[in-house]
Amino acid sequence: MLNSANNNSLQHPVTAPSEINMNGYNRKSPQKRRYDMPKYAVPPKKKTSKERIPQPKNTVAMLNELRHGLIYKLESQTGPVHAPLFTISVEVDGQKYLGQGRSKKVARIEAAATALRSFIQFKDGAVLSPLKPSGNLDFTSDEHLENGIENLSNQKLVEHIETLMLTEKKSNLTSLEQPTLRLQMFCMSQNVSKSAIAVDGQKKVPDKGPVMLLYELFNDVNFECNNIDGAQNNCRFKMTVTINEKKFDGTGPSKKLAKNAAAKAALASLCNISYSPMVVPQKNVPLPIDDKSSSMELPQIHADTIGRLVLEKFMEVIKGQEAYSRRKVLAGIVMTENMNFCEAKVISVSTGTKCVSGEHMSVNGAVLNDSHAEIVSRRCLLKYLYAQLDLQCNQATAYQSIFVRNTDGQYPYKLKSGVHFHLYINTAPCGDARIFSPHENDTGVDKHPNRKARGQLRTKIESGEGTIPVKSSDGIQTWDGVLQGQRLLTMSCSDKIARWNIVGIQGSLLSSIIEPVYLHSIVLGSLLHPEHMYRAVCGRIEKSIQGLPPPYHLNKPRLALVTSAEPRNQAKAPNFGINWTIGDTELEVVNSLTGRTIGGQVSRITKQAFFVKYGFLMKNLPGIPIRKVTTDYGQTKANVKDYQTAKLELFSAFKREDLGSWLKKPIEQDEFGLVE
């Protein structure tokens, strides 16, 4: 019994050391605990609805929802030990915001509130500007009252932001209306008004990357890598981003660049935010071309549409002849009516980088002298213009033509109102537009204003790539000199585009029938440098051009770069090029060195072919005053006086700017007549 009692006393001690209170009294406890039921058998009391109400968000939580990964720093601690005053800072979009409080928590809340007030825009246009931090911030002062707007309490500020965010989630909002709050915040953080992102407004390049900005403006953003195409040493990744059930594609040599391209395409389409080099970067000095960059930028969504249409058409027409898909330069022309890109038509597609060899020159216009892709695309456009004028020869088909009778002008026909042509080239045109280093920022004041490299007329080399400046000469090449071994020189693509912007793209023959036709825009797939491109295509002669017979004028096409840039192609350029014009049943492959098709036939876009079409129009087109063509090709062109006047004025403008003399082909090339 004694042992049992002792054991029982050991198992159930009367007191425990922890049960002695501070007054020395023992707290009595039962000698034996009753074991009534298993532990946790009694269900816990249900919390009332009041207990489940979450605590209201503070400004720190709200700011973290809108800007992820923020870091709060303790700037200073002042005051006595028993009543310290803490200063906390937080950096948002490169701007530091301060907050003070008697505890670090309060100071952190105030810093977040200051940041939130800096980029919240209210419906009436009022803006809560950030508090202006100073060395000794006094929250009792009226310094936080700005523009007559009283500073909201932190809780009211959070409630206002939550109201805006809830509004975004309403199902009846369109995809453009959903990112209202975040778009307002972006505008305010960029120190621009919301109108700066309007469709017709010109923007500044955002400081943030496209992917980060996309995540901030939209909630439901999903990226997916679809496929990889290209050789192993020249991979092309394709990324697709889905936002509000809309898909946007981007390609690039790496997944990161492809992702950026897809994000740029989405931002351009949904928010009209452009990362085009035509838009002046916010941190850089404005381009030395005044405000031309803003007025000359083609909207990014239009540029991407043009590039996509040309690439898709190329892939379509090359099917079945994939052996000729190898190319370095791809070009095409897209036509729109009233800038409706939903119904845009691809007029021509072409590839090529070479010029004819001097020994293959033709005395009857049977070879293509210049097989560079953009030059070939323009010749394909000429073929299309001839076909459209053919429709005017028949009264039943005249309404289908893009031309209409011109009753109040010196030209029998003119383009319908609203018809525009857009040139796409996957890289900068050879010559002056491409003579720059893509990785050097040479905007601003030219350190060598007297150097002759900028703006010089340049020539292509026969059977090769690249250009050289024209030498000081009278601009004449001779037939026998070329046959003796002199290189046949052809003006660069940059120079020819500059010429088109004076005399039009319709050529000299059609200039006797229609008003001049100009390019509305030029879209590049890579290597768009706004300053150099503008100078090359129109800027270098804009101050010296004068005396153009109306309606000839200096055309300034809009410029743009597609979001998914073309990669640098290090492969050797092929000696062939392809061309296709709308209405053709199959593409044509031309040997660039001989200027004839790979079968040795005359191409359908040669001088000879166009002279035959011109002769047909002169006989059959209504409203033509002089119908018979009695002279040779060269003399017929020379008889179009206004065109020749504009062309000579162009050559004179280059000379006045000391940029060299335009080199002409041997005159024997144009001394052929119509075949009866």
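Here, the structure is the one placed above.
Since this is a predicted model, take the numbers as computed values, not measurements.

### Quick word on the overall build of the protein
Helix and strand counts for the protein come out as 18 helices and 19 strands. For the protein, restricting intrachain contacts to residue pairs at least 6 apart in sequence, the fraction spanning at least 24 positions comes to 64%. For the protein, the exposed surface amounts to about 35800 Å²; the carbon and sulfur share of it is 51%.

### Topic: the pairing of strand β3 (residues 95-101)
Here seven bridges tie strand β2 (residues 85-92) to β3, and the two strands are oriented antiparallel to one another. Each residue of the ladder has a partner; that of Thr-87, found in β3, is Gln-100. The turn linking β2 back onto β3 is made up of two residues, and Asp-93 within it adopts a positive phi angle of 55°.

### A look at the sheet that holds strand β15 (residues 521-524)
Read across the open sheet, the eight strands follow the order β16-β15-β11-β7-β8-β17-β18-β19; overall the sheet is mixed. Only two strands of the sheet have a single neighbouring strand rather than two, namely β16 (558-561) and β19 (596-597). Two elements, strand β8 (residues 345-351) and strand β17 (residues 576-581), share three bridges in a ladder whose sense is antiparallel. Residue pairing across strands places Ser-348 opposite Thr-581, the latter belonging to β17.

### Details of the sheet that holds β3
Across the sheet, three strands lie side by side as β1-β2-β3; this open sheet has antiparallel pairing. Edge positions in the open sheet fall to β1 (72-78) and β3, since each of these has one partner strand only. Sheet twist, expressed as the mean angle between neighbouring strand axes with direction ignored, is 25°. Packing against the sheet, helix α4 (residues 104-118) makes contact with β1, β2 and β3, and its axis sits at approximately 140° to β3.

### Some thoughts on helix α11 (residues 373-391)
Its 19 residues give α11 an end-to-end C-alpha distance of 28 Å, which sits within 8% of 27 Å, the value for a rise of 1.5 Å per residue. Burial within α11 is extensive, with 17 of its 19 residues counted as buried.

### Looking at the packing of helix α3 (residues 59-66) against α4
Two numbers describe how α3 lies on α4: the axes approach to 8 Å, and their chain directions differ by 50°. In terms of orientation, α3 lies oblique with respect to α4. In the crossing of α3 with α4, the sense of the turn from one axis to the other is left-handed. Every residue of α4 that contacts α3 at Thr-59, Val-60, Met-62, Leu-63 and Leu-66 is listed here: Arg-108, Ile-109, Ala-112, Ala-113, Ala-115 and Leu-116. Counted by class, the contact of α3 with α4 contains nine nonpolar, one polar and one charged residues.

### Examining the packing of aromatic side chains
Counted under the stated rule, the structure contains nine aromatic pairs. When the ring of Phe-654 is compared with that of Trp-662, the centres are 6.2 Å apart and the planes differ by 40°; the resulting orientation is tilted. Grouping aromatic residues by their ring pairs yields a cluster made of Phe-611, Tyr-614, Tyr-633 and Phe-672. One residue, Lys-259, lies across the ring of Phe-223, its end atom 4.9 Å from the ring centre.

### Points about the pattern of salt bridges
Scanning the entire structure with this criterion turns up 17 salt bridges. Residues Arg-327 and Glu-566 are paired through a salt bridge, measuring 3.4 Å at the closest nitrogen-oxygen approach. Taken together, the positions of Arg-327 in the loop between α10 (300-317) and β7 (330-337) and Glu-566 in the loop between β16 and β17 put the pair 239 residues apart, joining distant regions of the chain. Per residue, the accessibility class of Arg-327 equals that of Glu-566, and both read buried. Residues Lys-460 and Asp-370 are paired through a salt bridge, measuring 2.4 Å at the closest nitrogen-oxygen approach. Here Asp-370 lies in the loop between β8 and α11 and Lys-460 lies in strand β12 (residues 458-461), a separation of 90 residues in the sequence. The class of Lys-460 is buried, set by a relative accessible area of 1%. One network of salt bridges, with partners in common, ties together Asp-370, Lys-460 and Lys-496.

### Things to note about the environment of Gly-595
Position of Gly-595 among the secondary structure elements: in the loop between β18 (588-591) and β19. Along the primary structure Gly-595 and Met-361 are separated by 234 residues, whereas in three dimensions their C-alpha atoms are 8.3 Å apart. Ignoring any residue separated from it by four or fewer positions in sequence, one finds Gly-595 in contact with Val-356, Ala-366, Val-367, Leu-368 and Val-590.

### As for the state of the cysteines
Inspection of the entire model under this criterion finds zero disulfides. Free of any disulfide, Cys-355 has its nearest neighbouring cysteine sulfur in Cys-493, separated by 7.5 Å. What makes Cys-355 buried here is its relative accessible area of 1%. Among the cysteines around Cys-430, which has no disulfide bond, Cys-493 carries the closest sulfur, lying 3.6 Å off.

### Quick notes on the nonpolar core
Nonpolar side chains in soluble globular proteins generally cluster together in the buried interior. Counting residues in hydrophobic clusters, the biggest one holds 84 residues, and the most contacted among them are Leu-385, Leu-389, Phe-421, Ile-502, Leu-510, Ile-513 and Ile-522. With 10 residues, the top contributor of residues to this core is α11. With residues up to four places along the chain from it excluded, the contact list for Phe-421 reads Ile-333, Val-334, Met-335, Leu-381, Leu-385, Ile-402, Leu-415, Val-517, Leu-519, His-520 and Ser-521. The next biggest cluster of nonpolar side chains, apart from the first, holds 23 residues, and it includes Ala-303, Val-346, Phe-576 and Val-589.

### Quick look at the side chain of Thr-581
Along the chain, Thr-581 turns up in strand β17. Taking relative accessible area as the criterion, Thr-581 reaches 0% and is therefore assigned buried. When sequence neighbours within four positions are dropped, the list of residues in contact with Thr-581 reads Ile-347, Ser-348, Cys-380, Lys-383 and Tyr-384.

### Some details on the packing of α11 against helix α16 (residues 607-620)
Contact pair α11 / α16: the axes reach a minimum separation of 10 Å and the direction vectors enclose 15°. In terms of axis orientation, α11 runs roughly parallel to α16. Judged by the sense of rotation from one axis to the other, the crossing of α11 with α16 is left-handed. Residues Arg-379, Leu-382, Lys-383, Tyr-386, Leu-389 and Asp-390 of α11 touch α16, and the partners they reach there are Lys-607, Phe-610, Lys-613, Tyr-614, Phe-616 and Leu-617. Its residues assigned to classes, the contact of α11 with α16 shows seven nonpolar, no polar and five charged.

The rules behind these values
- Residues numbered from 1 in each chain as written.
- Predicted model: local features only at pLDDT ≥ 70, side-chain atom pairs only at ≥ 80, totals over all residues.
- Heavy atoms only, no water.
- Helix = DSSP H or I, 4+ residues; strand = E, 2+ residues; numbered from the N terminus.
- Contact = heavy atoms within 4.5 Å.
- Areas by Shrake-Rupley, 256 points an atom, 1.4 Å probe, with all protein chains shown as cover.
- Pairing = 2+ DSSP bridges.
- Axes fitted to C-alpha atoms, helices over the stretch in contact; angles between N-to-C directions.
- Expected span 1.5 Å × (residues − 1).
- Buried < 20%, exposed > 50% of the residue type's maximum accessible area, 1.4 Å probe, protein only.
- Parallel < 35°, antiparallel > 145°, perpendicular 65-115°, else oblique.
- Left-handed = near helix turned anticlockwise from the far one by under 90°.
- Nonpolar A, V, L, I, M, F, W, Y, C, P; charged D, E, K, R; others polar.
- Phe/Tyr/Trp six-rings, centres within 6.5 Å; stacked < 30°, edge-to-face > 60°.
- Lys NZ or Arg CZ within 6 Å of the ring centre and 35° of its normal.
- Salt bridge = Lys/Arg side-chain N within 4 Å of Asp/Glu carboxyl O.
- Disulfide = S-S within 2.5 Å.
- Core = buried A, V, L, I, M, F, W, Y, C linked by side-chain atoms within 4.5 Å.

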